[in-house]
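# Examining the three-dimensional arrangement
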Amino acid sequence: MHERIDEATFVQSMAQTLMRELASGAAVSSIPPITDAARDAHHASQNSVTTPFPEAATGWAETDAAIHRLLSQLTFAYPISAPTHLHAPAAPLAGYRRDFPILQRHVHGKPLIWFDNAATSQKPQAVIDAISNFYTHHNANIHRGNHHLSQQASAMFDAVRDRVATFIQAPSAANIVFVRGTTEGINFIANTFGECQIHAGDEVLVSQLEHHSNILPWQKLCQQKNAILRVIPIDQQGDILLEDYQALLSKKTKLVAISHVSNVIGTLLPVQEMIALAHHQGAYVVLDGAQSIPHLPINVTALDCDFFVFSGHKMYGPTGVGVVYGKQHLLESLPPWQVGGGMIQHVTFTESRYAQSPQRFEAGTASIADVIGLGAAIDYLQSIGMATIQHAEQQLMAYAVAQLEQVPKLRLIAAPRHRIGALPFIIEGVTLEDLARHLDQAGIALRIGHHCAQPALAFFNQQRVARASFGLYNTPAEIDQLTRVLLRCNYSDGYSGK
Ligand code: PLP
């Protein structure tokens, strides 16, 4: 049994130690040494999940607030933003939280806080119901049956193609190819368009910020074709160096493959400008929209990208479905990738004719229920409005940055001009494993690792980082809770020397 936490003693002892150090002129470069009371408090907090002290969490919230106040006074010791930054923005989308049943659950006795949205988002009841409703009432294979259910299922499936086109402002449903996700979509483009268009000596540009899914297909293609993969550099803020990009572009550049939003740094790339510059040199552009589609209104027509790819599961839809948008004349020019049922006009043993795009690229039975679920996710997002989501998330990100900057020894990785969705950080002196454990125990789901973007992290001299990533249902109160837990684990691990 642990002693009951004495928060007041803990805060007081911290204050005294800090003040003593400051008075002696010592630089407060490290967390002050632990007192016995603080060590007990740390152990009790670690055990608070299963301990006989369920009230510990509230007690610690007060303790953390006191630490916070204390630190705010020591602005000369730590880089702490002005208190005005601490005013939480409104949470205009908080009402939508009730649409996500999983957000009602608890993890380790604490309300779930989902900050792993860049990996996958949670699903609203409308999406869950759409999938369940399809299997309960309409299940049939599509485009191959004359019976009632097949016709219903086909109509439901085809209607989603229209809705996707409207959602991303593509000219028509003919521009939309269903795939399993972003990774499959980029591989599809590399294996069809890349296969036809890239030749020995050609250059393919990717940015330093790319997810492995937007590096490896191009690396493999370039190796096969004796083409050259070049990297668009970034600056220390995590922004694209536009002049360097421009200098890299030449008549040899056949393709530019870039993220719209980086999954690890959160950088919003200046894609409109980058696409125009690429086109000026006669190069095509593939935009990886995996991390922009849940956060921004997308208009592929205005962007003028040649391809745009995204996954359903990152935009509140199901796993197993994604989309490739392609300009129509490009799609029509492409050979099939996978061949089999559902993509033919006529087959003989000596010769076969394939269906028109987009069916030509959808061999085999599609993930029909997931496509229906994607349609429901689009309806859901449209009912809120992407501009509304973008605005609310911008406020939330600004608040998260300001709050995390208050945590001593926490280092945000990069500082791009426009940061969307993802906020990577480390805390000096605290291992990522300890960090993840503390957060998990507090019910906060947040990912540590390389986030499938090793070259991007290597640029910032990191192999692995923690990443908080936000979605429409996240609130300033959840950010506050993250900050509290980070303050606590910062101190406790600092003290114990881990
Ligand atoms: N591209 C980016 C920018 C991503 O963030 C991800 C996934 O995190 C992918 C591609 C791959 O997406 P998926 O795993 O859904 O194929």
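Our subject in this report is the structure included herewith. (Residues numbered from 1 in each chain as written. Predicted model: local features only at pLDDT ≥ 70, side-chain atom pairs only at ≥ 80, totals over all residues. Heavy atoms only, no water.)

This paragraph deals with the overall build of the protein. Broken down by element type, the protein carries 16 helices and 17 strands. Within the protein, the fraction of its 498 residues that count as buried is 54%. If you take every contact in the protein between residues at least 6 apart in sequence, the share linking residues at least 24 apart comes to 72%. Put simply, the protein shows about 20,700 Å² of open surface, and 52% of that area lies on carbon and sulfur atoms. (Helix = DSSP H or I, 4+ residues; strand = E, 2+ residues; numbered from the N terminus. Buried < 20%, exposed > 50% of the residue type's maximum accessible area, 1.4 Å probe, protein only. Contact = heavy atoms within 4.5 Å. Areas by Shrake-Rupley, 256 points an atom, 1.4 Å probe, with all protein chains shown as cover.)

The subject of this paragraph is the site of the ligand. Taken together, Ala 118, Thr 182, Thr 183, His 211, Ser 213, Asn 263, Asp 288, Ala 290, Gln 291, Ser 311, His 313 and Lys 314 make up the full set of residues adjacent to the ligand. The contact in question runs from an oxygen atom of the ligand to an N or O atom on the backbone of Thr 182, over 3.4 Å. Note that an oxygen atom of the ligand is positioned 2.7 Å from one of the side-chain N or O atoms of Ser 311. The protein chains hide 85% of the 390 Å² of surface that the ligand would expose on its own. Across the shell around the ligand, the residue classes tally to two nonpolar, eight polar and two charged. (Near = heavy atom within 4 Å. Polar contact = N/O pair within 3.5 Å; in protein donor to acceptor, adjacent residues only side chain to side chain. Nonpolar A, V, L, I, M, F, W, Y, C, P; charged D, E, K, R; others polar.)

Now for helix α12 (residues 368–384). Think of an α-helix as turning once every 3.6 residues; residues three or four places apart then point the same way. Along its 17 residues, α12 runs 25 Å from first to last C-alpha, staying within 8% of the 24 Å computed at 1.5 Å per residue. Immediately downstream of α12, the backbone of Gly 385 shows phi near 105°, a positive value. (Expected span 1.5 Å × (residues − 1).)

Taking 1.5 Å of rise per residue, 14 residues should cover 20 Å, and helix α4 (residues 125–138) covers 19 Å from first to last C-alpha, within 8% of that figure. On the buried face of α4, the contacting elements are α5 (148–167) and α12.

Attention now goes to the environment of Gln 151. Relative to the elements of secondary structure, Gln 151 occurs in helix α5. Looking at Gln 151, the relative accessible area reads 45%, which means it is partly exposed. Remark: the alpha-carbon pair of Gln 151 and Asn 141, spanning ten residues in sequence, is separated by 9.0 Å. Among all residues touching Gln 151, those that are not within four sequence positions of it are Gly 145 and Asn 146.

The next point concerns the sheet that holds strand β5 (residues 203–207). The strand order β4-β10-β9-β8-β7-β5-β6 describes an open sheet built from seven strands, whose pairing is mixed. Only two strands of the sheet have a single neighbouring strand rather than two, namely β4 (176–179) and β6 (228–232). Direction aside, the axes of adjacent strands within the sheet are offset by 20° on average. Of the strand pairs in this sheet, strand β7 (residues 253–259) and strand β8 (residues 284–288) are connected by five bridges, and their pairing is parallel. By the bridge assignment, Ala 257 is partnered in β8 with Val 286. Along the sheet, helix α9 (residues 271–280) contacts β6, β7 and β8; its crossing angle with β8, the most-contacted strand, is approximately 155°. (Pairing = 2+ DSSP bridges. Axes fitted to C-alpha atoms, helices over the stretch in contact; angles between N-to-C directions.)

A word on empty space enclosed by the protein. Across all of its chains, the model carries five cavities of 30 Å³ or more by this definition. Considering only enclosed or pocket space, the largest cavity measures out at about 100 Å³ in volume. Every residue lining the largest cavity is counted, 14 residues in all, and those nearest its centre are Pro 92, Ala 392, Leu 396, Leu 472 and Asn 474. Among the elements that line the lining of the largest cavity, the one with the most residues is helix α13 (residues 386–404), at four residues. The volume enclosed by the second largest cavity comes to roughly 80 Å³. Forming the walls of the second largest cavity are His 295, Leu 296, Gln 390, Glu 393, Gln 394, Met 397, Arg 419, Ile 420, Gly 421 and Phe 470. For the lining of the second largest cavity, the per-class residue count stands at four nonpolar, four polar and two charged. (1 Å grid on protein atoms, 1.4 Å probe; cavity = no way out; pocket = protein on both sides within 12 Å on 5 of 7 lines; lining within 4 Å. Points joined across faces, edges and corners; volume = space filled by probe spheres on them.)

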